[in-house]
Amino acid sequence: QQQVKQSPQSLIVQKGGISIINCAYENTAFDYFPWYQQFPGKGPALLIAIRPDVSEKKEGRFTISFNKSAKQFSLHIMDSQPGDSATYFCAASTGTGRRALTFGSGTRLQVQP
Amino acid sequence: GAGVSQSPSNKVTEKGKDVELRCDPISGHTALYWYRQSLGQGLEFLIYFQGNSAPDKSGLPSDRFSAERTGGSVSTLTIQRTQQEDSAVYLCASSFGTGGMNTEAFFGQGTRLTVV
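The model shown is predicted, which means the values in this text are computed figures rather than measured ones.

Caption draft 1: Spotlight on the state of the cysteines. Summed over all chains, the structure comprises two disulfides over all chains. Disulfide partner of A:Cys23: A:Cys90, at an S-S distance of 1.9 Å. In this structure, the disulfide formed by A:Cys23 and A:Cys90 twists by about -95 degrees around the S-S bond and is classed as left-handed. Taken as a pair, A:Cys23 in strand β3 (residues 19-25) and A:Cys90 in strand β9 (residues 86-92) lie far apart in primary sequence, 67 residues in all. The class for A:Cys23 is buried, based on a relative accessible area of 4%. Residue classification places A:Cys90 among the buried residues on the basis of a relative accessible area of 0%. Disulfide pairing places B:Cys23 opposite B:Cys92 at an S-S distance of 1.9 Å. In this structure, the disulfide formed by B:Cys23 and B:Cys92 twists by about -65 degrees around the S-S bond and is classed as left-handed. Here B:Cys23, found in strand β3 (residues 19-24), pairs with B:Cys92, found in strand β8 (residues 88-95); they are 69 residues apart in sequence, far enough to count as distant. Grouping residues by exposure puts B:Cys23 and B:Cys92 together as buried.

Structure follows, in structure tokens:
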């Protein structure tokens with residue numbers, strides 16, 4: 001099963017709040033889990049990525065939490081800003097990223113000032 | 001170039017016509033991917049090229065879709081006898097293809113295809 005399930009479909013957060021987006025996967029062969037950010041009219045851009053040998057990775061205001069036993073991972077955006085308003089996609093692949101990515105359906109985040 | 005370049009940025013075509021979409025990857029990237037993004041949807045994998053290996057065509061939705069990569073660089077995605085359901089943004093990405101945490105796939109801005 002190659003599917004990656006993402007929720008919620010849309011999210012509205014107040015400026016300064018925490019945005020949380022969740023993803024779940026079935027394929028236990030996945031070993032690379034990136035999050036991509038996409039602004040309207042642009043291609044997706046890598047935000048942060050994690051491998052399953054760690055449970056958490058933090059880069060600035062962005063944190064990935066990874067639960068291997070539950071086959072779930074999430075993106076936390078701390079101190080959310082209006083400039084974070086975009087669509088976020090979780091993804092997964094095998095071969096430590098060498099293979100094509102399987103994407104979630106996306107979460108449209110709106111951060112209100 | 002500095003990034004992945006795709007052309008055209010927009011393409012309107014009549015149903016039944018053939019279209020060619022072009023992708024110019026980042027210099028030195030051996031891996032190239034094509035994805036399709038329908039309105040409000042996630043990205044659907046189409047095809048993957050890695051160096052001189054046979055491409056992974058497992059995501060192509062029908063035999064009307066084909067792609068080639070010449071000289072390990074520029075790639076062309078061809079859709080024959082276009083249908084209205086082919087309308088989408090077609091995204092190309094490239095990476096070093098070596099795996100590991102430095103395996104970021106860089107995306108182009110996409111080609112928005114509209115079949116009327």
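There is more to say after this.
Caption draft 2: How the structure looks around the packing of aromatic side chains. Residues and elements named next belong to chain A. Tallied over the full model, the rule gives 18 aromatic pairs over all chains. Centre to centre, the rings of Tyr25 and Phe66 are 6.2 Å apart; their planes meet at 20 degrees, and the pair counts as stacked. Here Tyr25 is found in strand β3, whereas its partner Phe66 is found in strand β7 (residues 62-67), with 41 residues between them in sequence. In this structure, Tyr25 and Phe66 share a single accessibility class: buried. Plain terms: the ring middles of Phe33 and Phe66 are 4.7 Å apart, the flat faces sit at 50 degrees to each other, and that makes the pair tilted. Of the two residues, Phe33 sits in strand β4 (residues 33-38) while Phe66 sits in strand β7, which places them 33 residues apart along the sequence. Residue class for Phe66 comes out buried when judged on its relative accessible area of 7%.

Caption draft 3: Representation of the pattern of salt bridges within the structure. According to the stated counting rule, one finds six salt bridges over all chains in the structure shown. Residue A:Arg61 is joined to A:Asp84 by a salt bridge in which the shortest nitrogen-to-oxygen separation is 2.8 Å. Taken together, the positions of A:Arg61 in the loop between β6 (56-59) and β7 and A:Asp84 in the loop between β8 (72-77) and β9 put the pair 23 residues apart, joining distant regions of the chain. On the basis of relative accessible area, A:Arg61 is assigned to the partly exposed category, the value being 26%. Among the residues examined, A:Asp84 registers a relative accessible area of 5% and is labelled buried. Note that B:Asp24 is salt-bridged to B:Arg22, the shortest N-O span being 3.9 Å. The exposure class assigned to B:Asp24 is partly exposed, which follows from its relative accessible area of 28%.

Caption draft 4: Molecular detail of the nonpolar core. In this structure, A:Phe33, A:Trp35, A:Phe73, A:Leu75 and A:Tyr88 are the most contacted members of the largest nonpolar core, which totals 24 residues. For this core, the elements supplying multiple residues, two or more each, are β2 (10-14), β3, β4, β5 (45-50), β7, β8, β9 and β11 (107-112) of chain A. It is β9(A) that provides the largest number of residues to this core, a total of four residues. When sequence neighbours within four positions are dropped, the list of residues in contact with A:Phe73 reads A:Ile21, A:Asn22, A:Cys23, A:Tyr25, A:Phe33, A:Trp35, A:Ser65, A:Phe66, A:Cys90 and A:Ala91. Formed by 20 residues, the second largest nonpolar core is a distinct cluster that contains B:Leu77, B:Ile79, B:Tyr90 and B:Cys92.

What counts as what
- Residues numbered from 1 in each chain as written.
- Chains lettered and ligands numbered in written order.
- Predicted model: local features only at pLDDT ≥ 70, side-chain atom pairs only at ≥ 80, totals over all residues.
- Heavy atoms only, no water.
- Disulfide = S-S within 2.5 Å.
- Helix = DSSP H or I, 4+ residues; strand = E, 2+ residues; numbered from the N terminus.
- Buried < 20%, exposed > 50% of the residue type's maximum accessible area, 1.4 Å probe, protein only.
- Phe/Tyr/Trp six-rings, centres within 6.5 Å; stacked < 30°, edge-to-face > 60°.
- Salt bridge = Lys/Arg side-chain N within 4 Å of Asp/Glu carboxyl O.
- Core = buried A, V, L, I, M, F, W, Y, C linked by side-chain atoms within 4.5 Å.
- Contact = heavy atoms within 4.5 Å.

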